[in-house]
Amino acid sequence: MSELVKTICPRCKGNGFIRIQDLLGEDIDQMDCPQCDSMGELFLPIELTFINEEGGRESVINKENNNE
Ligand SMILES: [Zn+2]
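Owing to the predicted nature of the structure, the values given are computational and were not obtained by experimental measurement. The residue numbering used here restarts from 1 in each chain and proceeds along that chain's sequence as written. With the structure being a predicted model, the display of local features is reserved for residues of pLDDT at least 70 and the display and counting of side-chain atom pairs for 80 or more, all residues being used for whole-chain, interface and lining totals.

Remarks on the overall build of the protein
Think of it this way: any DSSP run of H or I at least four residues long counts as a helix, any run of E at least two long counts as a strand, and we number them from the N terminus. On a plain count of helices and strands, the protein comes out with 1 helix and 6 strands. Counted from the first residue to the last, the protein has its helices and strands arranged as β-β-β-β-β-β-α. Put plainly, a residue is buried at 20 or more neighbouring C-beta atoms within 10 Å of its own, exposed at 12 or fewer, and partly exposed in between, counting only other residues' C-beta atoms, which are placed from the backbone. In the protein, buried positions account for 16% of the 68 residues. Two residues qualify as being in contact provided that their C-beta atoms, derived from the backbone, are within 7 Å of each other. The long-range share in the protein, meaning contacts at least 24 apart out of those at least 6 apart in sequence, stands at 51%.

Remarks on the environment of Gly-16
Position of Gly-16 among the secondary structure elements: in the loop between β1 (4-8) and β2 (17-21). Owing to 16 C-beta atoms within 10 Å, Gly-16 belongs among the partly exposed residues under this scheme. The contacts of Gly-16, once residues within four sequence positions are left out, are Asp-32, Cys-33, Cys-36, Ser-38, Met-39 and Gly-40.

What to know about the environment of Met-39
Following the sequence through the fold, Met-39 ends up in the loop between β3 (27-32) and β4 (41-45). When the 14 C-beta atoms within 10 Å are taken as the criterion, Met-39 is described as partly exposed. When the C-alpha atoms of Met-39 and Gly-16 are compared, they prove to be 5.2 Å apart, with 23 residues separating the residues in sequence.

What follows is the structure, given as structure tokens:
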């Protein structure tokens, strides 16, 4: 069993909601984040997280996206 740690939600990045954009990238709507149930944080296995520059814990999913 791996340890679960509170992590900034990788889907909404801690906002608790996600923006819906049109094809031009303009914000047209927003909705509660379904991944963290609009809490902005969720528990993930520790090996799937890392400490970001601000000292917060984030999912490695974000890290991979940032390297694009
Ligand atoms: Zn979320």
